[in-house]
Amino acid sequence: MQPSNSERRRRTPAAGFTLPAILVVVGALLILAVAILLVVGIERSTARSFVDRGRADLAARAGLEDVKGILKLETTNDDYLVIQATDPVKNGAPKDPAPYLYLARGSSVGDKVKFRYVPLFSSSESLPSPGAGNPLKAPQPQTLVDSETAKELPALPWNDPAMVSWKTIKGADGKLVSRYAYWVEDLQGKLDGKIAGNLAGSGGLPARAKFPDPASAPVEKDAALLRSIAIHALDPAATDTPVANNSDGNNLTKLIIDGRPAMLSPDSILGATGIAAKTGGVQRDTKTGLLTDPVAAAFERDVSPVNRSYTEQPLVPYADGFSETVRGEPKINLNELLAVSRSSAVDRFASWIDKALPGANSFDDRKGDFPDDYLKTLAAGALDYADADSDPTVREGSYLGLDAHPLMSEIVLQFNFQGVQKKAAGGYSLNWKFRLFAELWNMTNKPVSGSAQLSYEVNLLPTPIGASAESLPFDDSSILDDRLQSVHNLTKIDGKYYGPPVNIVLEPDQYKFEEFATVEYTIDFVPQMRNGKPKNEFFDLSEPEVDARGLTIRWNNNPVQRIKTIDRDPYGVSGYGTVSAILQPRAQGKGAIPGHSYGKYEELRNNFGVNNYGDPRIAHYLRTRPLAENAYPDNLSPNRRNIRLKSIYELDTSGDKRVYYGRVLPSEWPDGGHDSPTGSFGYVTDNKMAPTDMHINWPTPPAPLAANAPQRISNAGRFYSAAELGNVYDPILWTPVYADIKGKGGSGLADTRILIPDRGTRVKPNVPPARNRFPDVSFGSRPSTEYGGGNTLRIGRPEHEKFDRPGQRASQLLDLFHVGIPDSPETAELRGPVVKINGHVNINTAGRDALRAMAAGLLMQDPELRRVTNWAHDTKGGINAAQTAKIKLGTPTQAKVADRIADAILLRRPFASASELASVTDKDDNPVFGNRDLYKEKDIQWSDAAAEEVFARVYDASTLRSRNFRVWVIGQAVTGTEAEPEVLSETRRVYTVFADPGKRQSDGTINPTTYHPRVTYENDF
């Protein structure tokens, strides 16, 4: 087996590093022993007592040096983990068992991973290296401690004493001189008292970043990101809503913040905050060892005020799903990608994922039948989400990003047949006026302004008329370039004709219906004659299916959406009269909703067509069938959310309007969202009504709300967290198939047949009553060229069932990318190769209350958070959707705030990667992050960002490594034998140790020659 690149690159000291330090201590002990012989005139007992005490002190120091040596040996690189195990709980024991720490180091064995473990407590047994493929799991500590000579080491009053083994030190003559035992506590499993908590909210309450800022943005300028941790949740009576005063009249967050100047030692938290004095002094429960005041107990147990900050090189973890070629390699900085050329950034982003997550179940396989480059499309979307401009990243045929720009949500081509004109010079001409309209939808939460152009592509052909030659399509260059045959405002760009630029200004989630092109035709023809007069005849318009045209929208001169083909044949464009026709001049039109119905009219009528979710973002990629026509103007819905009011919506007599096609309801999309209100409006049946004419049934729609926008955009010019990748649109294409409902086997297939009725039946597509939204990608889904929309990358909420495995989870992107030091004002640190660990909590060792505080708090990323009060659609209040009411929502609870999440983390750890948090499940295998089924409030409607917000809190505040420890050591001067030692003196010392990586090298790695763990505080215990 060849070592990986990162393993060859590790600069690890020799394995015997700890021996010299202990030899120094042994030498000192021998000097003390010789000193006994030199004592003259002093009481021998006094002299020996002094020397024994010195030997015990040096033995304790030897224990410290042993731990420092392990840290020096194992933490000179950044791919180690710190995990813990506990002894089994003793029956009836009121105290918690003592946790035992291990340093875990991973390595690759082909596509498998194995770990070796180094105990951070004195043990007597060596650890065998597990075989490849064994899961990360701390060894049982009781198997490593000599039960006959084990030492009970009491450290923390609320834990049972740790059972550890003695390490002996012998003199030159081989006789026993002294011994030591140690146990290491992880201070990074606690909340940082110098960082956690803020009073930036109104009324001095804690604050968190809220909409429209990313969830990971700092709540105070130039403040540490982790100040938003909910320190108030250490109060066992806390709720998700922080209150200014707890039951004792003390603002817990304020106590912490005000007491920070006095936080000097690990045990100073109670005195610094004054919580002990306020609660009647330090009184302990003699059984549990905890302070009797629950808040004081939580402060003492779960807060550390002495943790030092440091930098770390973020590396790809040793975890399943990743290629062995990237494990242990540095992650890519997303902010660095934003600073380089866009094409280069897209290529690096995509190739890195392709390299890291390959194999039979590669990340690229998520795409289904997505026709373009899936990984590069995700890359473009990620960069457009965060960059400071509103121009999408585009390479035709390869990738298209989504930035703050509008998309087409409705298209209308109106044909005004103005009749036949007899020419003065003889002959006749057909006169037409074509008008191209589109409704643009700003799907983003940012206001947009710019220039929009639509391509004019009309392959409609009049059937041969009279004695004229074969007709030409209306967009033929020989017609459009001939001013005698056409007058227009078109410009030819890249082989297509485009209407003039139209200035567009749209608020977030706003719709606007605009005219984009006008063409007037005067086309000569020679009618067939009968008895010397023109014969009465009719003609039709048709568009050959193989040559059907599409439509492109350009935004600020960049193509941002392409509808490949539109069906304008044959329904409703027939019976035009020529010279002596009975029919008068008239207006007709064809409308369509991109992202919705696809296929020819007959196909849709007989359930051979495709009905999607109405998401314009996917319309660019649906290319196998034409975008279907829509009845015009009966179903036109200008300047508002699209709804085919007459022919579909009003004909659905069910109260909850289960017939889903013909409307756009983001709340029904797989990833959910909010529905834009429509306002009251009717439909128009007069074909002469121009789309932009004012009409009594077309009132001004309600003011748009930014929180209703389906597409989150930051445009902050930077990433604050890799978790923001969860806002990237995911253009996967799979057949919509419901998974079975628990306890109802087979319901998935049955419900899918309601959603997509069998072909040839006349049943209208329905959303099943037990579902209320479109399905995730389930095990039964198949790659599709026709179904998609309504999805973003799932990072912090239940992954699609089909992708919920190593190598395909969207959350694994967190293991490939980082964001530098996001709370630094320095550009170099934002784009550099390291991150700053400043108040981050080790989720592998954190206690329950610390984990709760990391997760707790109201959701702030969705000001329009709602619950459905009635699934019957409101058809009178201008909603035309299910009836909802606004709610406030926090973290899922069982008894106290965020308990479900904390318990699930405790149950499923240790973690080899922080991204594994995203798929954590509780004891019943229910996902705990972003799972609306765990909330007491039912029928929740929330945005994608709100669903992932709690995960982002925990992920951004977490680490898997620790460099802040407390070492508890007992040193003894002894004589006799190891089996029957005689204790002459004992020292108990506690040291706070910081494994300081120091100033790193330019590539982010540690310089091993200058790296030394150091003691920052020591005391007796």
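About the criteria used
Residues numbered from 1 in each chain as written. Predicted model: local features only at pLDDT ≥ 70, side-chain atom pairs only at ≥ 80, totals over all residues. Heavy atoms only, no water. Helix = DSSP H or I, 4+ residues; strand = E, 2+ residues; numbered from the N terminus. Buried < 20%, exposed > 50% of the residue type's maximum accessible area, 1.4 Å probe, protein only. Contact = heavy atoms within 4.5 Å. Pairing = 2+ DSSP bridges. Axes fitted to C-alpha atoms, helices over the stretch in contact; angles between N-to-C directions. Parallel < 35°, antiparallel > 145°, perpendicular 65-115°, else oblique. Left-handed = near helix turned anticlockwise from the far one by under 90°. Nonpolar A, V, L, I, M, F, W, Y, C, P; charged D, E, K, R; others polar. Polar contact = N/O pair within 3.5 Å; in protein donor to acceptor, adjacent residues only side chain to side chain. Arc of directions from axis to C-beta. Core = buried A, V, L, I, M, F, W, Y, C linked by side-chain atoms within 4.5 Å. Salt bridge = Lys/Arg side-chain N within 4 Å of Asp/Glu carboxyl O. Phe/Tyr/Trp six-rings, centres within 6.5 Å; stacked < 30°, edge-to-face > 60°. Lys NZ or Arg CZ within 6 Å of the ring centre and 35° of its normal.

Peer 1: Can you tell me about the overall build of the protein, naming the residues and giving the values?
Peer 2: Across its full length, the protein carries 20 helices and 44 strands. Judged by the C-alpha coordinates and their principal axes, the protein covers about 150 × 60 × 50 Å. With 1021 residues in all, the protein has 59% of them scored as buried. When contacts within the protein are restricted to residue pairs at least 6 apart in sequence, those whose partners lie at least 24 apart make up 72%.

Peer 1: Go over the pairing of strand E38 (residues 866-873), please, and point to the residues and values.
Peer 2: Both E38 and strand E39 (residues 882-886) contribute to a ladder of five bridges, which runs antiparallel. Its bridge partner being in E39, His873 is matched across the sheet by Ala882. Bridge count between E38 and strand E40 (residues 940-941): two bridges; the pairing is antiparallel. Residue Arg866 lies in a different strand from E40, and its bridge partner there is Gln941.

Peer 1: An account of the sheet that holds strand E3 (residues 112-119) is needed here, citing residue identities and associated values.
Peer 2: Sheet architecture is open: three strands sit in the order E1-E2-E3, paired in antiparallel fashion. Where the open sheet ends on each side, the last strands, each with one partner, are strand E1 (80-86) and E3. Taking each pair of neighbouring strands and ignoring which way they run, the sheet shows an average axis angle of 40°. Relative to E3, strand E2 (residues 99-109) is paired through eight bridges, and the arrangement is antiparallel. Within E3, the position partnered with Ser107 by the bridge is Lys114.

Peer 1: Run through the packing of helix H9 (residues 342-356) against helix H10 (residues 374-386), naming residues and quoting values.
Peer 2: The N-to-C vectors of H9 and H10 enclose an angle of 125°; their axes lie 8 Å apart at closest approach. When the axes of H9 and H10 are compared, the pair comes out oblique. When you trace H9 past H10, the crossing you get is right-handed. On H10, the residues touching Arg342, Ala345, Val346, Asp347, Phe349, Ala350, Ile353 and Asp354 of H9 are Leu375, Lys376, Leu378, Ala379, Ala380, Ala382, Leu383 and Asp384. Residue classes in the contact of H9 with H10 are distributed as eleven nonpolar, no polar and five charged.

Peer 1: So what about the environment of Arg908? Which residues, and what values?
Peer 2: Within the secondary structure layout, Arg908 lies in helix H18 (residues 899-908). The residues contacting Arg908, other than those within four sequence positions of it, are Val920, Thr921, Asp922, Lys923 and Asp925. From its side chain, Arg908 meets the backbone oxygen of Thr921 in a polar contact 2.9 Å long.

Peer 1: Tell me what's going on with the sheet that holds E40, and back it up with residues and numbers.
Peer 2: Sheet architecture is open: three strands sit in the order E39-E38-E40, paired in antiparallel fashion. With one partner strand each, in any of the chains shown, E39 and E40 form the two edges of the open sheet.

Peer 1: For the pairing of strand E27 (residues 551-555), give the residues involved together with the corresponding values.
Peer 2: Most of E27 is tucked away: five of the five residues are buried. Of the two faces of E27, both are covered, the one formed by Leu551, Ile553 and Trp555 as well as the one formed by Thr552 and Arg554. Two strands pair when backbone bridges link them, and strand E16 (residues 448-454) and E27 are joined in this way by three bridges, in the antiparallel orientation. Considered in E27, the bridge of Gln453 is made with Arg554.

Peer 1: So what's going on with helix H4 (residues 252-259)? Which residues, and what values?
Peer 2: Turning to H4, its buried residues number three or more, namely Leu252, Thr253, Leu255, Ile256 and Gly259. Around the axis of H4, the buried residues are gathered within 160° of arc, so they sit on the same side. Buried residues in H4 make contact with helix H5 (269-273), helix H6 (275-278) and helix H7 (294-302).

Peer 1: Give a detailed account of the side chain of His488, specifying residues and quantitative values.
Peer 2: In this fold, His488 is placed in strand E18 (residues 486-488). On the accessibility criterion, His488 (14% relative accessible area) is buried. Within the local environment of His488, its side chain forms a polar contact with the backbone nitrogen of Leu490, the two atoms lying 3.1 Å apart. With sequence-adjacent residues up to four places away left out, His488 is seen in contact with Leu480, Arg483, Thr518 and Val519.

Peer 1: Before we move on, can you summarise the nonpolar core with the specific residues and values?
Peer 2: Taken as a class, soluble globular proteins show a tendency for nonpolar side chains to be buried jointly. Ranked by size, the top nonpolar core spans 209 residues in total, and within it Trp432, Tyr456, Tyr521, Leu725, Leu816 and Phe817 carry the most contacts. Take this core: its biggest share by element is nine residues, from H10. Beyond its immediate chain neighbours, meaning those up to four positions away, Leu725 contacts Leu334, Phe349, Ala382, Phe719, Leu793, Ile795, Leu813 and Phe817.

Peer 1: Report on the environment of Ala360, specifying residues and quantitative values.
Peer 2: Residue placement: Ala360 occurs in the loop between H9 and H10. Classification of Ala360 by relative accessible area gives exposed; the value is 73%. Each C-alpha atom, one on Ala360 and one on Gly807, is 9.2 Å from the other, the two residues being 447 residues apart in sequence.

Peer 1: Describe in detail unusual backbone geometry, supporting the description with residues and values.
Peer 2: Keep in mind that most residues, glycine aside, have a negative phi and that most peptide bonds are trans. In this chain, Phe211 is followed by Pro212 through a cis amide linkage whose omega measures 10°. Locating Pro212 in the fold gives a position in the loop between strand E8 (191-192) and H4. Residue Pro910 is bonded to the preceding Arg909 through a cis peptide linkage, with omega at 15°. Here Pro910 shows up in the loop between H18 and E40. In the Ramachandran plot, Asp925 falls in the positive-phi region, its phi being about 65° despite a non-glycine side chain. Given a relative accessible area of 52%, Asp925 falls into the exposed group. Phi at Asp939 is positive, roughly 55°, even though this residue is not glycine. By the element assignment, Asp939 lies in the loop between H18 and E40.

Peer 1: Quick rundown of the pattern of salt bridges? Include the residues and the values.
Peer 2: For side chains bearing opposite charge, pairing can occur when the charged atoms are close. If you walk through the whole model with that rule in mind, you get 62 salt bridges. Arg848 is paired through a salt bridge with Asp903; the nearest N and O atoms lie 2.5 Å apart. Of this pair, Arg848 sits in helix H17 (residues 848-855) while Asp903 sits in helix H18, and the two are 55 residues apart along the sequence. For the salt bridge of Glu864 with Arg866, the shortest nitrogen-to-oxygen distance reads 3.1 Å.

Peer 1: Which residues make up the packing of aromatic side chains, and what values do they have?
Peer 2: Using the criterion set out here, one finds 24 aromatic pairs in the structure. Relative to Tyr182, the ring of Tyr180 lies with its centre 6.3 Å away and its plane at 20°, an arrangement referred to as stacked. Neither residue differs from the other here; Tyr180 and Tyr182 are each classed as buried. For the pair Phe415 and Phe434, a centre-to-centre distance of 5.4 Å together with 55° between the ring planes defines the contact as tilted. Of this pair, Phe415 sits in strand E14 (residues 407-422) while Phe434 is found in strand E15 (residues 428-441), placing the two residues 19 residues apart along the sequence. The buried category is assigned to Phe434, whose relative accessible area is 0%. An aromatic cluster of three or more residues is present, and its members are Phe415, Phe417, Trp432, Phe434, Phe474 and Tyr521. In this arrangement the basic side chain of Arg963 is found over the ring face of Tyr310, its NZ or CZ atom lying 5.8 Å from the centre.

Peer 1: Requested: an account of the side chain of Arg327, with residues and values cited.
Peer 2: Take Arg327: it is sitting in the loop between strand E10 (310-312) and strand E11 (332-333). A polar atom in the side chain of Arg327 sits 3.0 Å from the side chain of Ser108. Side-chain polar atoms of Arg327 contact the backbone oxygen of Phe322, separated by 2.8 Å.

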